[in-house]
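Here is how the chains run, residue by residue.
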Amino acid sequence: DIVLTQSPATLSVTPGESVSLSCRASQGISTSIHWYQQKSDKSPRLLIKYASQSISGIPSRFSGSGSGTDFTLSINRVESEDFSVYYCQQNYSLPLTFGSGTKLEIK
Amino acid sequence: QINLLQSGAALVKPGASVKLSCKASGYTFTDYYIHWVKQSHGKTLEWIGYINPNSDYTNYNEKFKSKATLTVDKSTNTAYMELSRLTSEDSATYYCTRGGNSGYYFDYWGQGVMVTVSS
């Protein structure tokens, strides 16, 4: 199974800062990575597909990059509504797997 | 608008089974896979498997092959997941999700259903 390692586990930031969240795959997966946001007691929401493709309705401050084994979700100027947990997920091979998440919290 | 409406929370006894439902609306049900995802302890996400509503083809994560059974009812646009021989390890929130255009990412999610296994 492909293991996705997300770092850091927790990121403390001040609103208005820009941040980068990392997701590293245990083997090369091209651009087969997707990013989700999960707010407390809510279902996850798709933010970015295939590493960098935007999703309709998602604010433009969210962007993704990377290929192979290293991927990044960037948030330009974090807003208060962005404080939540972020997960990456791969669909390069079955079984589909998720990272363990990065919690973005207010400093 | 696209919606996946899941059945309510369940409290079940160890050793029993439970059948969860997921009613889809707002799109052509047979055009997209339905996946099921387990979230334990409010954090870890695990893919259970998917079903193709058009063909009834299923594919399971090896870890859940003897635990979960996926079915659909095309007449009601509803997907089901039955979990059998429940233990405390099965206590979790379960989501149904729609597979995106490629089938293997999740573009819409149900609201989730909490299953608690307790005597």
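Each remark here, short or long, concerns the structure printed above.
This is a predicted model, so every value here is computed, not measured. (Residues numbered from 1 in each chain as written. Chains lettered and ligands numbered in written order. Predicted model: local features only at pLDDT ≥ 70, side-chain atom pairs only at ≥ 80, totals over all residues. Heavy atoms only, no water.)

Novice: Hey, could you run me through the pattern of salt bridges in this one?
Specialist: Think of it this way: side chains of opposite charge can pair up when their charged atoms draw near. Residue and element names in this part refer to chain A. Applying the stated rule across the entire model yields nine salt bridges over all chains. R61 is the salt-bridge partner of E79, the closest N and O atoms lying 3.5 Å from each other. Of this pair, E79 sits in the loop between β8 (70-75) and β9 (85-90) while R61 is found in the loop between β6 (53-54) and β7 (62-67), placing the two residues 18 residues apart along the sequence. Given the relative accessible area of 37%, E79 is considered partly exposed. (Salt bridge = Lys/Arg side-chain N within 4 Å of Asp/Glu carboxyl O. Helix = DSSP H or I, 4+ residues; strand = E, 2+ residues; numbered from the N terminus. Buried < 20%, exposed > 50% of the residue type's maximum accessible area, 1.4 Å probe, protein only.)

Novice: Help me understand the sheet that holds strand β7 (residues 68-73) of chain B in this model?
Specialist: The strands making up a sheet are joined through hydrogen bonds of the backbone, oriented either antiparallel or parallel. Residues and elements named next belong to chain B. The sheet built from four strands is open, its strands ordered β1-β3-β8-β7 with antiparallel pairing. Of all strands in the sheet, those with a lone pairing partner are β1 (3-6) and β7, marking the two edges. Across the sheet, the mean angle from the axis of one strand to that of its neighbour is 20 degrees, orientation sign disregarded. When β1 meets strand β3 (residues 18-25), the two strands line up antiparallel, connected through four bridges. Along β3, the bridge assignment pairs N3 with S25. (Pairing = 2+ DSSP bridges. Axes fitted to C-alpha atoms, helices over the stretch in contact; angles between N-to-C directions.)

Novice: Teacher, can you tell me more about the interface of chain B and chain A here?
Specialist: In many reports, interface size means the accessible area that the parts give up when they come together. Opposite the 20 residues of chain B that make contact, chain A presents 17 residues. Summing the contributions of chain B and of chain A, the shared interface buries around 1600 Å²; its carbon and sulfur component is 63%. Remark: the boundary between chain B and chain A carries zero salt bridges. For the pair chain B and chain A, the interface holds 10 residue pairs in polar contact (both at pLDDT 80 or more). Sorting the residues of the side of chain B that touches chain A by element identifies β4 (34-40), β5 (44-51) and β10 (106-109) of chain B as the ones contributing at least two each. Here the side of chain B that touches chain A is built from residues that sort into eight nonpolar, nine polar and three charged. (Contact = heavy atoms within 4.5 Å. Buried area = accessible area lost by both parts, 1.4 Å probe. Polar contact = N/O pair within 3.5 Å; in protein donor to acceptor, adjacent residues only side chain to side chain. Nonpolar A, V, L, I, M, F, W, Y, C, P; charged D, E, K, R; others polar.)

Novice: How should the state of the cysteines be read in this particular structure?
Specialist: By definition, a disulfide links two cysteine residues through a covalent bond between their sulfur atoms. Counting across every chain of the model gives two disulfides over all chains. A disulfide bridge connects A:C23 with A:C88, and the sulfur atoms are separated by 2.1 Å. Here A:C23 and A:C88 share a disulfide; its torsion about the S-S bond, 80 degrees, makes the bridge right-handed. Here A:C88 lies in strand β9 and A:C23 lies in strand β3 (residues 19-25), a separation of 65 residues in the sequence. Each member of the pair, A:C23 together with A:C88, is buried. For B:C22, the disulfide goes to B:C96, at an S-S distance of 2.0 Å. Residues B:C22 and B:C96 are joined by a disulfide whose S-S torsion is about 75 degrees; by sign, that bridge is right-handed. A residue pair is termed long-range when its members are at least 10 positions apart, and B:C22 in strand β3 and B:C96 in strand β9 (residues 92-99) qualify at 74 residues. Both residues of the pair, B:C22 and B:C96, belong to the buried class. (Disulfide = S-S within 2.5 Å.)

Novice: What is the right way to read the pairing of strand β11 (residues 113-117) of chain B from this model?
Specialist: Side-chain positions along a regular strand alternate between the two faces of the sheet. All names here are of chain B. Only one face of β11 is buried, namely the one carrying V113, V115 and V117, since none of M114 and T116 on the opposite face is buried. Two elements, strand β2 (residues 10-12) and β11, share three bridges in a ladder whose sense is parallel. Looking across to β11, one finds that V12 is bridged to V117. Here three bridges tie β9 to β11, and the two strands are oriented antiparallel to one another. Among the inter-strand pairings, T93 is bridged to a residue of β11, identified as M114.

By themselves, these are just geometric observations and shouldn't be taken as functional.
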